[in-house]
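Single-letter residue listing:
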Amino acid sequence: MSVRLTTAQALVRFLAAQHTERDGVRRRLITGMWGIFGHGNVAGLGQALVEYADVMPYHQGRNEQAMVHAAVAHARQLDRLCAQAVTTSIGPGATNLVTGAALATINRLPVLLLPGDYFAAHPADPLLQQLEHPVEADVSVNDTLRPVSRFFDRITRPEALIASALQAMRVLTDPAETGAVTLALPQDVQAEAYDWPEEFFAERVWRVRRPAPDPEELAEAVRAIRAAQRPLLVAGGGVHHSGAEAALRAFAEATGVPVASTQAGKGSLRHDHPADLGGIGHTGTAVADGLARTADLVIGVGTRYSDFTTASGTLFQHPEVRFLNLNITAFDAHKLAARTLVCDARTGLERLTQALDGHRVDPAYEAEYRAGKERWERVVEAAYRADDPSAVPTQTQVLGALDAVVGETDVVINAAGSLPGDLHKLWRARSPRQYHLEYGYSCMGYEIPAALGVQQAAPDTVVWALVGDGTYLMMPTEIVTAVQEGLPVNLVLVQNHGYASIGGLSEAVGAERFGTAYRHRAADGTFTGAPLPVDLAANAASLGMEVLRAKTVAELRDALAAARASDRPTCVYVETDPAPTALPAEAWWDVPVAETASREAAIGAREQYDRQVAARRRHL
C-alpha cells in the first residue's frame, strides 16, 4: 500500500511517528518544529505544516540561529530524549543555522535542521540567493553545515528521503553520536509528489541504549581506584544526559571520592552534599582546583576535558597522575591517555560502586576536602553579602539576590560573558537541571531563546535567563516569541556598559581593554567617553516584556521576587556597580600574548604568560 504526498508532507508525517524509549519510558522524539518561512520552504514545509498542524506543533521564530538555540536547550532539558526540528528558507536563512549547529554538535545535543536548498532540477541558473561555484555546480551555501553536523544529506529526489530520514533519527537518538543533523531540502523536491510506502509512516521507537562496561576494563578501573591515595572525580554533562545523578551520589557516599564539576556537569551533586567541591578548572573553586593539583587519579565521567576544565593542561600536577575516563563516546574516553570505561554513565557508576564494595578513601583525605569546602562556602557568603541594601549591587551581589529567591527546581540559564565564571564558582545548584550553562561554544545570544526551549520542555518550571548588555544586544529577538507564545520566562538583564569578561581578559593579556567598552568615542579616538545612552529596559518593554527596574540591592530583591511570581514574560533590569568584583581565577587559561611589543602592558603580560605556560603538561 502507498499514499501520495509531497516530500515535505511525507517528512512531517514521518517525524510525527518517531519516539524514543529509555528505561521503559516512551517519549515523542520530535516534539515540534520551529520555522521562519521564505521562498525556499514556504510552499513545501510551510504548506505541509498547515496540512498536518494536528500532529506537528509549529513555533514561530524571529531569528534562525535563535531557533536552533531554543531547540537545543529544549533537548538538554529533556535529557536528549526529545528534540525539535528547525526549518528555514534558502540563502541567509540557511546559513544563519551554522552557529546554532556548531553549538549543538560541540555540546553533544540533538537538533534536526531542515534548510531549504536550490532547485534540484536547475530550471533556472542562478537562482535568487544562489552561490555560484565555478567548478562545483552541486555546492550550495548549505554545505557550510557539513562540518558542524553529525549527519548531512541533500535530498535531491523524493524517494531519497526514506533512507536519509531513518539515518537522521538514528544519529539524533544515539547518545554516542548525537548533535546537529541536517537534511537540506531543495525547494522543488519539497513540493514534488511521490507514492510513499505506508510502512514509512509506521510508529517507530528508537531505544536509547545504556551500554555496560567491558568486564576487563571495569576490573582495571577498580584496581586503579583502590590503589589511588588522592582520587578526584570530574563530573561532566554526560552525568546529566544519562540521568546518572543518583548513581554518582551513591558512588561518592560509598567511596568518599570527592566530586568536582565542569560547567556542563554542575548540579550532578547538590551544592550542600559533603563530597561536592563545586566547579573545576579556570573558573573553578579553590578547593576543587587545589585537590586537582594533588590528585593521583582523575576519574572523568561524561566530560570532554575542555581547556577550561584542564586549565589548558596546567591543572593536574601530581607527578604520577593518571586518568580513568568513563564516557559513552570512545573519542572522549581515550583523552589524556586514560584508562577507559566506554559505557553509559549511570550503568558504569553503578557497576563501579558494586565492584568497590567496602573501599573508601583515607579519612584524613575526606577531612581535608571537607574543610576546604567549608572555607569556600565562606567565600561564597562574602561574595553574595550586601550589607547596605541601598547601595548599587555588584554582579556577585546580583547572584546572591537571585540565590535567595530561586526555588529548588528553577532553571538558571547563561552562556557567555563574565557571568559564567562567577556562576561556576559561586552558584549553589539545588537540583540536577537548575544550572544550565552553555559553555561548550559559549555563544552570546543563547540565553533568551534557550529560556523559551526550556520553558516549552518544562511548562511548570520557573526559568531565568541571565544576560549582560553585550549578549542582550546580540539577540533579544525571541522576547517577541516569548510574548506571542505566553511563555513566562524571566530575564535578568545586567547593564555594565560593555564586554566585562573580555575587558578583563584584554587587560590581563596586555591589550589594555581596547574596544571592550560601550562608550562614546573620546577626542583621542578611543572609546573612553561617557557611557552610551542606551536604555535596554525600554527596548525589552517595547518588545512586549513587563520590565522591573532595580537601582539598589533592596529593589533588586523585590523585583526578583515579583518576577518569580509573575505569569508573563518579565525582565528585571539592573545596572551594576562598575568596580570589578569577580573572584580571581584559581587556575590558568591559555590565551597567547604578543611575543614582541613596545607597550609596557603587553611586555609585562608576556612575561607572566611565559611563567604560566612552563607548567603545561602532556599527559601521555
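Along each chain, numbering runs from 1 in the same order as the chain's sequence is written. The predicted origin of the model limits local features to residues at a pLDDT of at least 70 and limits the giving and counting of side-chain atom pairs to 80 or more, whereas totals for whole chains, interfaces and linings rest on all residues. Side-chain metrics rest on all non-hydrogen atoms present in the structure, leaving aside hydrogens and water.

Visitor: Would you mind showing me how to read the overall build of the protein here?
Guide: Regarding its fold elements, the protein presents 24 helices and 23 strands. We compute the radius of gyration over the C-alpha atoms and compare it with the globule rule, which gives 2.2 Å times the number of residues raised to the power 0.38. Relative to the compact-globule value of 25 Å for 620 residues, the protein shows a C-alpha radius of gyration of 25 Å, a close match. Along the first, second and third principal axes, the C-alpha atoms of the protein reach 70 × 70 × 55 Å. The long-range share in the protein, meaning contacts at least 24 apart out of those at least 6 apart in sequence, stands at 76%. Calculation of accessible area relied on Shrake-Rupley with a 1.4 Å probe; when residues are assessed, cover is drawn exclusively from the protein chains displayed. Here the protein displays about 24,500 Å² of accessible surface, and carbon together with sulfur accounts for 53% of that area. Under the counting rule used here, the positive set is Lys and Arg, the negative set is Asp and Glu, and His together with the chain ends is not counted. Here the site of a charge means NZ on Lys, CZ on Arg, CG on Asp, or CD on Glu. For the protein, the distance from the average position of its 56 positive side-chain charges to the average position of its 72 negative side-chain charges is 4 Å. For the purposes of this entry, the term helix denotes a DSSP run of H or I that reaches at least four residues, the term strand denotes a run of E that reaches at least two, and both are numbered from the N terminus. Any two residues whose heavy atoms approach within 4.5 Å at even a single point are treated as in contact.

Visitor: I tried to follow the packing of helix H11 (residues 286-294) against helix H15 (residues 363-384) on my own but got confused; where do I start?
Guide: In helix packing, the relevant descriptors are the interaxial angle and the interaxial distance, both defined with respect to the helix axes. Put simply, H11 and H15 touch, their axes get as near as 8 Å, and they point 150 degrees apart. Residues Ala286, Val287 and Leu291 of H11 form the contact with H15, whose own contacting residues are Tyr365, Glu368, Tyr369, Gly372, Lys373 and Trp376. Following the grouping adopted for this structure description, the nonpolar residues are Ala, Val, Leu, Ile, Met, Phe, Trp, Tyr, Cys and Pro, the charged ones are Asp, Glu, Lys and Arg, and the polar ones are all others, Gly among them. Of the residues belonging to the contact of H11 with H15, the class tally is six nonpolar, one polar and two charged. Each axis is a line fitted through C-alpha atoms, and for a helix only the stretch in contact is used; angles between axes span 0 to 180 degrees, taken between their N-to-C directions.

Visitor: For this particular structure, what's the right way to read the nonpolar core?
Guide: Taken as a class, soluble globular proteins show a tendency for nonpolar side chains to be buried jointly. Judged by nonpolar contacts, the single largest core of 82 residues is most densely connected at Leu233 and Trp464. Here this core gets six residues from one element, more than from any other, and that element is H15. Counting 48 residues, the second-largest nonpolar core is a separate cluster that includes Ile36, Ala104, Ile413 and Val489. Remark: nonpolar core denotes a set of buried residues (Ala, Val, Leu, Ile, Met, Phe, Trp, Tyr, Cys) joined through side-chain atoms within 4.5 Å. Only protein chains enter the accessibility calculation, which uses a 1.4 Å probe; a residue is then buried when its area is under 20% of its type maximum, exposed when over 50%, and partly exposed in between.

Visitor: Help me out: how do you make sense of the pattern of salt bridges in this one?
Guide: A side chain with one charge can pair with a side chain of the opposite charge if their charged atoms come near. Any Lys or Arg side-chain nitrogen located within 4 Å of an Asp or Glu carboxyl oxygen qualifies as a salt bridge. Evaluation of the coordinates by the stated rule reveals 32 salt bridges. Here Asp332 and Arg108 are joined by a salt bridge, their closest N and O atoms 2.9 Å apart. Of the two residues, Asp332 is situated in helix H13 (residues 330-333) and Arg108 in the loop between helix H5 (97-106) and strand E7 (111-117); the sequence distance between them amounts to 224 residues. In this structure, the salt-bridge partner of Arg428 is Glu381, at a minimum N-O distance of 2.6 Å. With Arg428 in the loop between helix H17 (419-426) and strand E19 (435-437) and Glu381 in helix H15, this residue pair connects regions lying 47 residues apart in the sequence. With a relative accessible area of 11%, Arg428 lands in the buried category. Glu381 gets classed as partly exposed once you look at its relative accessible area, which sits at 37%.

Visitor: Got a minute to help me understand the sheet that holds strand E5 (residues 58-60) in this structure?
Guide: The pairing of strands in a sheet comes from backbone hydrogen bonds and takes either a parallel or an antiparallel form. Criterion used throughout: strands pair if DSSP finds at least two bridges between them. On the basis of which strands lie adjacent, the open sheet formed by six strands has the order E5-E4-E6-E7-E9-E8 and parallel pairing. With partners counted over all chains shown, the strands left at the sheet margins are E5 and strand E8 (151-154), one partner each. Sheet twist, expressed as the average angle between the axes of neighbouring strands with direction ignored, equals 20 degrees. Bridge count between strand E6 (residues 83-88) and E7: four bridges; the pairing is parallel. Opposite Ala85, over in E7, you have Leu112 as the bridge partner. Its contacts with the sheet place helix H20 (residues 478-485) against strand E4 (30-35) and E5, and it is angled at close to 130 degrees to E5.

Visitor: I would appreciate a short explanation of the packing of aromatic side chains in the present structure.
Guide: Where two aromatic rings form a pair, the distance of their centres and the angle of their planes describe that pair. Stacked, tilted and edge-to-face are the three classes assigned to paired rings of Phe, Tyr and Trp, where Trp is represented by its six-membered ring and a pair needs centres within 6.5 Å; plane angles under 30 degrees give stacked, over 60 edge-to-face, the rest tilted. All told, the structure shown has eleven aromatic pairs when counted by the stated rule. Arranged with centres 4.9 Å apart and planes meeting at 80 degrees, the rings of Tyr194 and Trp196 form a pair that is edge-to-face. Relative accessible area serves as the criterion here: at 25%, Tyr194 is assigned to the partly exposed category. When the ring of Phe308 is compared with that of Tyr439, the centres are 5.1 Å apart and the planes differ by 70 degrees; the resulting orientation is edge-to-face. One end of the pair, Phe308, is in helix H12 (residues 307-310); the other, Tyr439, is in the loop between E19 and helix H18 (447-457), and 131 residues separate them in sequence. When its relative accessible area of 12% is taken as the criterion, Phe308 is described as buried. Chaining the aromatic ring pairs together yields one cluster made of Phe14, Tyr194, Trp196, Phe200 and Phe201.

Visitor: Looking at this structure, I do not really get a nonpolar patch on the surface. What am I missing?
Guide: Patches were defined on residues exceeding 30% relative accessible area and lacking a salt bridge, with like-charge contacts within 9 Å and nonpolar side-chain contacts (Val, Leu, Ile, Met, Phe, Trp, Tyr) within 5 Å. A contiguous nonpolar surface patch, about 240 Å² in accessible area, is contributed by Phe37, Val42 and Tyr58. Looking at where Tyr58 falls in the secondary structure, it is placed in strand E5. The exposure class of Tyr58 is partly exposed, given its relative accessible area of 31%.

Visitor: So what exactly am I meant to see when it comes to the sheet that holds strand E13 (residues 259-261) here?
Guide: Sheet architecture is open: six strands sit in the order E14-E13-E12-E15-E16-E17, paired in parallel fashion. Two strands in the sheet have a free side with no partner beyond their single neighbour: strand E14 (276-279) and strand E17 (339-342). For this sheet, the mean angle separating the axes of adjacent strands, direction not counted, is 20 degrees. Relative to E14, H11 is tilted by about 100 degrees, and along the sheet it contacts strand E12 (231-235), E13 and E14.

Visitor: Explain helix H10 (residues 245-255) to me, please; I cannot follow it from the model alone.
Guide: Along H10, the positions that sit buried rather than exposed are Glu245, Ala247, Leu248, Phe251, Ala252 and Thr255. Taken around the axis of H10, the buried residues stretch over an arc of 160 degrees, which confines them to a single face. Of the surrounding elements, those touching the buried residues of H10 are helix H8 (215-227), E12, helix H9 (237-242), E13, strand E15 (297-301) and helix H14 (345-355). By definition, the arc is the one covered by directions from the helix axis to the C-beta atoms.

Visitor: How should the environment of Leu487 be read in this particular structure?
Guide: On the secondary structure map, Leu487 appears in the loop between H20 and strand E21 (490-495). Accessibility expressed as a relative area gives 11% for Leu487, which makes it buried. Expressed as a C-alpha distance, the spacing of Leu487 and Val463, which sit 24 residues apart in the sequence, is 9.6 Å.

That's the geometry; what it means functionally is another story.
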